[in-house]
Amino acid sequence: MGMDVYGKKPTNETGEYFRNNVWWWRPLWDYCVTVAPELCESVSGHYNNGDGLDESGALELAKQLRHELETGATAENERQYNEWRASLPREKCELCDGTGIRTDDIGREMGQHDKELSVEVQILTGRTHGWCNACDGIGTRESWESGYPFSTENVRAFVEFLENSGGFSIC
Ligand SMILES: [Zn+2]
């Protein structure tokens, strides 16, 4: 699933369309709200129901984001955000109840319960057989939150879209 952001009165191709999948969009929009709450808080930015900003709002948001880019604040945010993501504890895998061996009907049907593990996972778990497709046999997986990326480049691309969009709608 993706978030499609359409320019209302684009002045060139860059301003016609901006697309992020939901994983990229969520942190990007959260960042916009942090930087420019007076503009973004009233926009339902996490729903694709056509909400957005008019031309002057889009330009003002672009200006504030560009300022953050130029001062290095965005790069610093990226650094801190990645640190936070890396610090998230792994979560217990629910499909195998944390054992690393999937023994429910589907797991057995697919032969996961007695499948041989990769060498890496054998070393990690001290076990040679018994796999789970959700966690690769480890029993834990990365938390959902760590799957939401944020990057300075993504912010820059959004700013370029905003500056040429003539306002935008999130669909
Ligand atoms: Zn598992």
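So, here's what we can say about the structure.

**A word on the overall build of the protein**
If you tally the helices and strands in the protein, you get 7 helices and 6 strands. Seen in sequence order, the protein has helices and strands lined up from the N terminus as β-β-α-α-β-α-α-β-α-α-β-α-β. For 171 residues, the compact-globule formula gives about 16 Å, and the C-alpha radius of gyration of the protein, at 21 Å, lies well above that figure. The 171 residues of the protein split such that 40% are buried. Restricting to contacts in the protein with at least 6 residues of sequence separation, those with at least 24 account for 67%. Summing over all exposed atoms, the protein offers an accessible surface of approximately 9,600 Å²; the carbon and sulfur share of this is 50%. With 16 positive and 30 negative side-chain charges, the protein shows a separation of 3 Å between the mean positions of the two kinds.

**Regarding the pairing of strand β2 (residues 17-21)**
Of the two faces of β2, the one holding Phe 18 and Asn 20 is buried and the one holding Tyr 17, Arg 19 and Asn 21 is not buried anywhere. Strand direction decides the pairing type here: strand β1 (residues 2-7) and β2, joined by 5 bridges, are antiparallel. Within β2, the residue paired with Met 3 across the bridge is Asn 20.

**Points about the coordination of the zinc ion**
At this site the zinc ion is bound by Cys 93 (SG), Cys 96 (SG), Cys 132 (SG) and Cys 135 (SG), with donor distances of 2.3 Å. In this structure, the zinc ion is coordinated by 4 donor atoms arranged in tetrahedral fashion, with angles at the metal of 104 to 115°. Along the chain, the residues donating to the zinc ion are arranged with the sequence spacing C-x2-C-x35-C-x2-C. Placement of Cys 93 in the loop between β4 (91-92) and α5 (105-109) and of Cys 135 in the loop between α6 (119-125) and β5 (140-141) is noted, with a sequence separation of 42 residues between them. Owing to a relative accessible area of 4%, Cys 135 belongs among the buried residues under this scheme.

**Structural notes on the packing of aromatic side chains**
Given two aromatic rings, their pairing is described by the distance between the two centres and the angle made by the two planes. Tallying each qualifying case throughout the model produces 14 aromatic pairs. A ring pair is formed by Trp 25 and Trp 29, whose centres lie 5.7 Å apart and whose planes are at 20°; its orientation type is stacked. Separated by 4 residues within a single helix, Trp 25 and Trp 29 lie in helix α1 (residues 22-35), roughly one turn from each other. The pair formed by Trp 25 and Trp 29 is uniform in burial state, with each residue classed as buried. Plain terms: the ring middles of Phe 158 and Phe 168 are 6.2 Å apart, the flat faces sit at 70° to each other, and that makes the pair edge-to-face. On the criterion of sequence distance, the pair formed by Phe 158 in helix α7 (residues 152-165) and Phe 168 in strand β6 (residues 168-170) is long-range, its members being 10 residues apart. The same class applies to Phe 158 as to Phe 168, namely buried. A connected cluster of aromatic rings, assembled from ring pairs, spans Phe 18, Trp 25, Trp 29, Phe 158, Phe 161 and Phe 168. A cation over an aromatic ring shows up here: Arg 26 above the ring of Tyr 148, its NZ or CZ 3.9 Å from the ring centre. We note Lys 115 situated over the ring of Trp 131; from NZ or CZ to the ring centre the distance is 4.7 Å.

About the thresholds
Residues numbered from 1 in each chain as written. Predicted model: local features only at pLDDT ≥ 70, side-chain atom pairs only at ≥ 80, totals over all residues. Heavy atoms only, no water. Helix = DSSP H or I, 4+ residues; strand = E, 2+ residues; numbered from the N terminus. Rg over C-alpha atoms; globule rule 2.2 N^0.38 Å. Buried < 20%, exposed > 50% of the residue type's maximum accessible area, 1.4 Å probe, protein only. Contact = heavy atoms within 4.5 Å. Areas by Shrake-Rupley, 256 points an atom, 1.4 Å probe, with all protein chains shown as cover. Lys, Arg positive; Asp, Glu negative; His and termini not counted. Charge placed at Lys NZ, Arg CZ, Asp CG, Glu CD. Pairing = 2+ DSSP bridges. Donors = N, O, S within 2.8 Å, 3.2 Å for Na, K, Ca; no water. Tetrahedral: all angles 85-135°; square planar, octahedral: opposite > 155°, others 65-115°. Phe/Tyr/Trp six-rings, centres within 6.5 Å; stacked < 30°, edge-to-face > 60°. Lys NZ or Arg CZ within 6 Å of the ring centre and 35° of its normal.

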